[in-house]
Amino acid sequence: MKNFKEPSFQERIAAAARARTEGLEQLRAKPPVDEAVVAARAARRQAQEEAKAEKRRLALLAAEERKAAKRAQALEAAAAAEKQQKPELTEAERKAARDARYLARKKRAAS
């Protein structure tokens, strides 16, 4: 079995140069880019981006509508709760109610 011989500096430089030239040859061998294909791809990509933007815009509008509906429901609930609350009685009304309770209690006791 032969011993492994490490490549010298000159051999490594030559291998790198060969790899570089082979890579350039491969790039040159590719068919030229068709401008119509590039334009069609760009138009398709632009249409996709516009569709995504429209979808995002519609999602934002729907979210805003849901928030507005929730706010309206909250306001309606608050208004209904406020309507159901007993109104504050004035001092004279409280005194009249107290007197009526007193008279009713007095009548029950006398019976």
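Residues numbered from 1 in each chain as written. Predicted model: local features only at pLDDT ≥ 70, side-chain atom pairs only at ≥ 80, totals over all residues. Heavy atoms only, no water.

K.L.:
Quick rundown of a positive patch on the surface? Include the residues and the values.
P.N.:
Taken together, the side chains of Lys95, Arg98, Arg101, Arg105 and Arg108 present a region of like positive charge at the surface. Position of Arg101 among the secondary structure elements: in helix H3 (residues 91–110). (Patch = residues over 30% accessible without salt bridge, like charges linked within 9 Å, V, L, I, M, F, W, Y side chains within 5 Å. Areas by Shrake-Rupley, 256 points an atom, 1.4 Å probe, with all protein chains shown as cover. Salt bridge = Lys/Arg side-chain N within 4 Å of Asp/Glu carboxyl O. Lys, Arg positive; Asp, Glu negative; His and termini not counted. Charge placed at Lys NZ, Arg CZ, Asp CG, Glu CD. Helix = DSSP H or I, 4+ residues; strand = E, 2+ residues; numbered from the N terminus.)

K.L.:
Before we move on, could you go through the environment of Ala19 and cite the residues and values that matter?
P.N.:
With respect to the element layout, Ala19 can be found in helix H1 (residues 9–29). Judged by relative accessible area, Ala19 falls into the partly exposed class, the value being 46%. Note: C-alpha distance between Ala19 and Ser111 (92 residues apart in sequence) is 120 Å. (Buried < 20%, exposed > 50% of the residue type's maximum accessible area, 1.4 Å probe, protein only.)

K.L.:
Could you give an account of the environment of Ala51, with specific residues and numbers?
P.N.:
Here Ala51 lies in helix H2 (residues 35–84). Since its relative accessible area comes to 47%, Ala51 is described here as partly exposed. For the pair formed by Ala51 and Lys5, sequence separation is 46 residues and the distance between their alpha carbons is 61 Å.

K.L.:
Got a sec to walk through the pattern of salt bridges? Specific residues and values, please.
P.N.:
Enumeration according to the criterion identifies two salt bridges in this entry. Between Arg57 and Glu54 there is a salt bridge, with its nearest N and O atoms 2.7 Å apart. One end of the pair, Arg57, and the other, Glu54, are both in helix H2, three residues apart, so they sit about a helical turn from each other. A relative accessible area of 43% means that Arg57 is categorised as partly exposed. Relative accessible area serves as the criterion here: at 35%, Glu54 is assigned to the partly exposed category. The partner of Glu91 in a salt bridge is Arg94, and the shortest N-O contact between them spans 2.6 Å. Of this pair, Glu91 and Arg94 both sit in helix H3, three residues apart, which is roughly one turn of that helix. Classification of Glu91 by relative accessible area gives exposed; the value is 51%.

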